Every structure is written in C-alpha cells, then in structure tokens.
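So you can see what is in the structure, the chains are spelled out below.
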Amino acid sequence: MSNGPHTKLAELGHELPEVATPAGSYVPAVQSGKHVYVSGQLPLAEGKLLATGKVGAGVSAEQAKDLAQRCALNALAAIDSLVGLENVVKVVKLTGFVASAPGFTGQPGVINGASDLFGAVFGEAGRHARSAVGVAELPLDAPVEVEVIVEVS
C-alpha cells in the first residue's frame, strides 16, 4: 500500500526497530477483540536505553520529546509484529509517563513526541485520547514511557 503507515514512516525518516524484549513477565502487545493493548514502551534502541534520569534535571524537555517519539516507534513495532500496522483503524488512547524532577510541569509537551508521530503516520486516525503523567521513577531510570491502545480491523 503506497500511502500506508510503513510508507509514511519511511517518508518521515523512520524505520521500525526490532520489538523490544520485555523487561519482566509480560508480552509487548496483546489483542483482545478489535483492540491491541501495547505494554509500556521505553526509549530503547538495540536493547539499550537512549537516556536515563529525570526530565527537568539532566534530561531536557526537548530531548524527552524525542525519547517519547522513540517509545512510540517501539510501540508501532510491537503492533506491527502482532497484527500489522496496515490493520490499524484508529489510535484510541495514549498514556505517557514522564520521570519528572520536582517542579517540572511540561509533561504534555514531552508526550507530544509520541502523539505527533501517531498523527503523522496515521493522519486523522492517529488522533487519540491521552494522559500525560509525571512520576517519580520509571523502570531502569528511563525518562519516559508510553503505552498505547489501538483499534484494528
């Protein structure tokens, strides 16, 4: 499909990474009915975190936005391996977690890194409900984590 999500990703200069190996007793994504639930994705590349620490202290908001985009790419890889990106009908819900330094309140801007990617890849179908939550700590000292629910055909 020439205008499909894989083409859009390539046009944006992205390629899907390998599906991240779970860090615990869970699977990267599971389908239930017409929905795929993607486990929390960290900003991993080739099995390594791209950054560690807190946003607002050691990790800039702009860097964290890029890391959120990487989390979204990892989520897309999990979806693709399970059902194929071409079967995504709608990105339903995105939940983003930001390991935040005291006083940091820019979580929505950070999670825009993931939201913007879904919009660019899926167009109107990439618009979604969302939560952007500041937390004290994330697994492996990651600065950001993203989980996604999509509807599939």
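Quick caveat, the model's predicted, so the values are computed rather than measured.

We now examine helix α2 (residues 61-82). With 22 residues, α2 ought to run about 32 Å at 1.5 Å a step, and its terminal C-alpha atoms sit 32 Å apart, in line with that. The positive-phi residue at the C-terminal boundary of α2 is G84, with phi of around 90 degrees.

The residue Q107 is located in helix α3 (residues 107-122) in this model. Distance from Q107 to V55, taken between C-alpha atoms, is 8.9 Å for residues 52 residues apart in sequence. When neighbours within four sequence positions are excluded, Q107 is seen to be in contact with V98, S100, A132, V133 and G134.

Taken together, the side chains of V27, V30 and Y37 present a nonpolar region at the surface, about 260 Å² in accessible area. Position of V30 relative to the elements: it lies in strand β1 (residues 29-32).

All right, on to the nonpolar core then. Core analysis: the largest hydrophobic core is formed by 36 residues, its most contacted members being I79, V110 and V148. Going through the elements one at a time, β2 (35-41), α2, β7 (88-99), α3 and β9 (144-152) are the ones with two or more residues in this core. At 10 residues, α2 tops the list of elements feeding residues into this core. For I79, the contacting residues outside a window of four places in its chain are V36, V38, G84, L85, V88 and V150. Grouped together as the second largest cluster of nonpolar side chains are six residues, A20, A99, L138 and A142 included.

What counts, and at which threshold
Residue positions are given per chain, counting from 1 as you read along its sequence in written order. Per-residue local features of the predicted model are confined to residues with pLDDT of at least 70, and side-chain atom pairs are confined, for both listing and counting, to 80 or more; whole-chain, interface and lining totals are unaffected and use all residues. Excluded from the side-chain calculations are hydrogens and water; all other atoms, namely the structure's heavy atoms, are used. Segments assigned H or I by DSSP are reported as helices when at least four residues long, segments assigned E as strands when at least two residues long, and all are numbered from the N terminus. A helix's residues, less one, multiplied by 1.5 Å, set its expected span. Any two residues whose heavy atoms approach within 4.5 Å at even a single point are treated as in contact. What makes a patch is a set of residues exposed beyond 30% relative accessible area and free of salt bridges, joined within 9 Å when like-charged and within 5 Å when nonpolar (Val, Leu, Ile, Met, Phe, Trp, Tyr). The protein chains shown are the only cover counted for residues, whose accessible areas, like all others here, come from Shrake-Rupley with a 1.4 Å probe. By convention in these notes, a salt bridge is any Lys or Arg side-chain nitrogen within 4 Å of a carboxyl oxygen on Asp or Glu. The term nonpolar core refers to a set of buried residues drawn from Ala, Val, Leu, Ile, Met, Phe, Trp, Tyr and Cys, joined through side-chain atoms within 4.5 Å. Between buried and exposed lies partly exposed: a residue is buried under 20% and exposed over 50% of the maximum accessible area for its type, with that area taken using a 1.4 Å probe on protein chains only.

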